[in-house]
Amino acid sequence: ERRKWIQVLDGSPVLAYVVDLSCYDQSLFEDANDNAFEEQVTVLRQLVENEAIAECPVHLIFTGADVVERKLPNAPLQMDGYEGAGDDFTAVTDFLAERVRSVIPDDRNMLETFVNAADVEDAQ
């Protein structure tokens, strides 16, 4: 279905992409074998590679860091490529954010924002 909706992005001035950091330990509803966080990375890669929006700057909006902090003591990060302590909040969020950034070409204009869902002032 993505092939259908991606056409509406043609001519967009910016690609705003929301990334839920807290889904690092969740599987997809559609396929329990696929990691929800990695699916977000895959979709972003497909978007930035799409010719219709190849020149658009990318605004990454990272959410859920506050949730990650609460989850880590009981659900430490265990992901390919991660070598830090699974419950180290700073190391984990840095790794996850860098994993997302890694699919954006170096020559692409990019902005990023971190928003905590629990912080009303952040959401405004």
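Here's what I pulled together on the structure shown here.

The next thing to look at is the overall build of the chain. Per the secondary structure count, the chain includes five helices and three strands. For the chain, the sequential pattern of α-helices and β-strands runs α-β-α-β-α-α-β-α. Sorting the 124 residues of the chain into buried and exposed places 36% on the buried side. The contacts of the chain with a sequence gap of at least 6 include a subset with a gap of at least 24, amounting to 67%.

The next thing to look at is the pattern of salt bridges. Under the definition given, this model contains four salt bridges. In this structure, the salt-bridge partner of aspartate 25 is lysine 71, at a minimum N-O distance of 2.5 Å. A residue pair is termed long-range when its members are at least 10 positions apart, and aspartate 25 in the loop between β1 (15-20) and α2 (36-49) and lysine 71 in helix α3 (residues 65-71) qualify at 46 residues. The class of lysine 71 is buried, set by a relative accessible area of 17%. Of the charged contacts in the structure, one is a salt bridge between glutamate 112 and arginine 101, with a shortest N-O distance of 2.7 Å. In this pair, glutamate 112 sits in strand β3 (residues 110-115) while arginine 101 sits in helix α4 (residues 89-101), placing the two residues 11 residues apart along the sequence.

What follows covers the sheet that holds β3. What the three strands build is an open sheet, ordered β1-β2-β3; its pairing is parallel. The sheet is open, and its two borders are formed by β1 and β3, each paired with just one other strand. Pairs of neighbouring strands in the sheet enclose a mean axial angle of 20°, with direction left out of account. Against the sheet, α2 contacts β1 and β2 (58-63), and its axis sits at roughly 170° relative to β1.

Criteria and cut-off values
Residues numbered from 1 in each chain as written. Predicted model: local features only at pLDDT ≥ 70, side-chain atom pairs only at ≥ 80, totals over all residues. Heavy atoms only, no water. Helix = DSSP H or I, 4+ residues; strand = E, 2+ residues; numbered from the N terminus. Buried < 20%, exposed > 50% of the residue type's maximum accessible area, 1.4 Å probe, protein only. Contact = heavy atoms within 4.5 Å. Salt bridge = Lys/Arg side-chain N within 4 Å of Asp/Glu carboxyl O. Pairing = 2+ DSSP bridges. Axes fitted to C-alpha atoms, helices over the stretch in contact; angles between N-to-C directions.

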